[in-house]
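# Coordinate analysis (summary)
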Amino acid sequence: MTLRDFIDKLLRRQPASATTAKERLQLVLAHDRSDLNPELLEQMRKEILEVVSRYVEIDLSEGDVSLETEDRVTALVANLPIRRAKVLPTQAAGTDAPESPEVSQEAEETAPVSEAEKETVAS
Amino acid sequence: MTSTGCRYILICSGKGGVGKTTLTANLGIALARQGMRTAVLDADFGLRNLDLLLGLENRIVYTAQDVLSETCRLEQALVKHKQEPDLALLPAGNPRMLEWLKPEDMQKIAAMLGEIHDIVLIDCPAGIEDGFKNAAAAAQEAIVITTPEVSAVRDADRVIGLLNTRGIKPIQMVLNRVRPKMMANQEMLAVDDVTDILALPLLGLVLEDEQVIVSTNRGEPLTLNGSNSPAATAYGNIARRICGEDVPLIDPSKVKQGLRAKFSRLMQTKIF
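Residues numbered from 1 in each chain as written. Chains lettered and ligands numbered in written order. Predicted model: local features only at pLDDT ≥ 70, side-chain atom pairs only at ≥ 80, totals over all residues.

## Digging into the overall build of chain B
When you go through chain B residue by residue, the secondary structure sums to twelve helices and eight strands. Computed over the C-alpha atoms, the radius of gyration of chain B is 19 Å, within 12% of the 19 Å expected from 2.2 N^0.38 for a compact globule of 272 residues. Counting only C-alpha atoms, chain B reaches 65 × 40 × 35 Å along its principal axes. The buried share of chain B, taken over its 272 residues, is 49%. In chain B, once contacts between residues fewer than 6 apart in sequence are set aside, the share between residues at least 24 apart is 77%. (Helix = DSSP H or I, 4+ residues; strand = E, 2+ residues; numbered from the N terminus. Rg over C-alpha atoms; globule rule 2.2 N^0.38 Å. Buried ≥ 20, exposed ≤ 12 C-beta atoms within 10 Å, placed from the backbone. Contact = placed C-beta atoms within 7 Å.)

## Section: the environment of B:Val194
Among the secondary structure elements, B:Val194 is positioned in helix H9 (residues 191–198). When the C-alpha positions of B:Val194 and B:Pro170 are compared, they lie 18 Å apart, and in sequence the two are 24 residues distant.

## Points about the sheet that holds strand S6 (residues 141–146) of chain B
Residues and elements named next belong to chain B. The eight strands are arranged S3-S4-S2-S5-S1-S6-S7-S8 in an open sheet whose pairing can be described as mixed. With one partner strand each, in any of the chains shown, strand S3 (79–80) and strand S8 (202–207) form the two edges of the open sheet. In the packing of H9 onto the sheet, the strands contacted are S6, strand S7 (171–178) and S8, and the crossing angle to S7 comes to about 150°. (Pairing = 2+ DSSP bridges. Axes fitted to C-alpha atoms, helices over the stretch in contact; angles between N-to-C directions.)

## Description of the interface of chain B and chain A
At the junction of the two partners, chain B supplies 21 residues and chain A supplies 20 residues. Among the secondary structure elements, those contributing two or more residues to the side of chain B that touches chain A are helix H7 (150–165), H9 and helix H12 (259–267) of chain B. A total of six residues in the side of chain B that touches chain A trace back to one element, the largest contributor, which is H7(B). Tallied by class, residues from the side of chain B that touches chain A come to eleven nonpolar, four polar and six charged. (Nonpolar A, V, L, I, M, F, W, Y, C, P; charged D, E, K, R; others polar.)

## Here we look at the packing of H7(B) against H9(B)
All names here are of chain B. Relative orientation of the contacting elements H7 and H9 amounts to 30°, with a least axis distance of 10 Å. With respect to their mutual orientation, H7 and H9 come out roughly parallel. For H7 against H9, the interelement crossing comes out right-handed. Of the residues in H9, those touching H7 at Val153, Ala156, Asp157 and Ile160 are Val194, Ile197 and Leu198. Looking at side-chain class alone, the contact of H7 with H9 contains six nonpolar, no polar and one charged residues. (Parallel < 35°, antiparallel > 145°, perpendicular 65-115°, else oblique. Left-handed = near helix turned anticlockwise from the far one by under 90°.)

## Concerning the confidence of the model for chain A
Residue and element names in this part refer to chain A. The predicted model of chain A has a mean per-residue pLDDT of 71, with 71% of residues at 70 or higher. The element-level mean pLDDT for chain A is lowest in helix H5 (residues 100–110), coming to 40, with helix H2 (residues 17–34) highest at 88. Here residues 94–123 is a poorly scored stretch, pLDDT under 50, and it has 42 contacts once near neighbours within four places are set aside; other chains count. (pLDDT = per-residue confidence, 0-100.)

## Examining unusual backbone geometry
Residue and element names in this part refer to chain B. That bond from Lys169 to Pro170 is cis: its omega, 0°, falls within 30 degrees of zero. For Pro170, the location among the structural elements is in the loop between H7 and S7. Notably, Glu70 is not glycine yet its phi reads approximately 60°, a positive angle. The backbone phi angle of Arg177 is positive, close to 55°, even though this residue is not glycine. Within the secondary structure, Arg177 is located in strand S7. The exposure class assigned to Arg177 is buried, which follows from the 20 C-beta atoms found within 10 Å.

## What about helix H3 (residues 38–55) of chain A?
Structural remark: α-helix, 3.6 residues per turn; residues separated by three or four positions point the same way. Here H3(A) is 18 residues long and its end C-alpha atoms lie 26 Å apart, about the 26 Å a rise of 1.5 Å per residue gives. In terms of residue burial, H3(A) counts as a barely covered element, since only zero of its 18 residues are buried. (Expected span 1.5 Å × (residues − 1).)

## Some details on the nonpolar core
Core analysis: the biggest nonpolar cluster contains 95 residues, and B:Leu10, B:Leu41, B:Ile122 and B:Val144 have the highest contact counts within it. Contact partners of B:Leu10, with chain neighbours within four places excluded, come to B:Ile122, B:Cys124, B:Ala135, B:Ala136, B:Ala139, B:Ala142 and B:Ile168. (Core = buried A, V, L, I, M, F, W, Y, C linked by C-beta atoms within 7 Å.)

## Looking at the environment of B:Lys102
Residue position: B:Lys102 is located in the loop between strand S4 (87–91) and helix H5 (103–116). For B:Lys102 and B:Ala137, which are 35 residues apart along the polypeptide, the C-alpha to C-alpha distance reads 9.2 Å.

## Points about the packing of helix H1 (residues 20–33) of chain B against helix H11 (residues 230–242) of chain B
For any two helices packed against each other, the geometry comes down to the angle between their axes and how far apart the axes lie. Residues and elements named next belong to chain B. Running from N to C, H1 and H11 cross one another at 60°; their axes reach a closest spacing of 9 Å. Taken together, the axes of H1 and H11 are oblique relative to one another. Handedness of the crossing formed by H1 with H11: right-handed. Between H1 and H11, the residues in contact are Asn26, Leu27, Ala30 and Leu31 and Tyr235, Gly236, Ile238, Ala239 and Ile242, respectively. Here the residues of the contact of H1 with H11 are counted per class, giving seven nonpolar, two polar and no charged.

## Considerations on the environment of B:Glu104
Mapped onto the secondary structure, B:Glu104 falls in helix H5. Put simply, B:Glu104 and B:Ala137 are 33 residues apart on the chain and 7.4 Å apart in space, counted from C-alpha to C-alpha.

Laid out in structure tokens, this is it:
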């Protein structure tokens, strides 16, 4: 962020058009390079959130799955703040698993935890 | 490709109108000035314009297609520049051509040019279809030219991807039509933004310059008449870098040194 961007933000002015251009380009290039259209990405995002929320309770309002590019390498970045670990149904229904309550408590204390999953798609 | 010491450089952009042909014409003259035997191959036969920018439009008799069909010899088809005899133009074909050239044809013609030249510049047509594929088939290295605009950068990115899959390297970048004042006001993508996004080394920066239009009107590239306009200097420097000389890049933020420019530069300080 440049000084100009910072002042623009303070005054709630529109950001400089070069900043907007850069952000738009990075986004569109991430899609171009990975050959994923926005609908497909949205579907993938939903499924990822679905799978992750099966295991841990995540903050859906803060969660973000997006494509980022750096040095012509595209990465899928998922930033999912974890509220708390879920007690897995198999463990809850089965014999009293000794470690599961401890795990959930620990997760509660350290939440939110940001998990970054990176997957390299062809350069 | 052939084992001769000739360099085959593709000049491409993806998007049309960003300055491929102007760069090819100016580099052709500048490289010939440095004593390099230079050939410029206009691979854009549908809408060819390199002849016009070099002022050679009335002297074209044959094309690469005539050479390939053995209607004439290569020496007959080459159009020597009047003031720079070390520069020769070869159009790939004419717009009324019945049969389109194939990638193998372009390779063959480039190899023939390579036997009697030190450097072959291939002016690539816009787009990423057959015209691009033909031109790229004849090249070993590439210069991607783009401007600090979203559409041009996006198209350049597509082209770079295609060049990478073809194993063409090195790929270097020329950033054209830079407006220092707009960059200082953050109303134009910064040089670093473009090089970061495209991840290519910068071969040259060309400032927006009205003299380019004047020179194309006359069919006399800026590098021909020793002009010291900003674009002329930039093209000359690019040619010297191609020959291996270490010429520093200009810094657009230092072009205008008024109080306003200093303030604009302060506003661009990265704070976090």
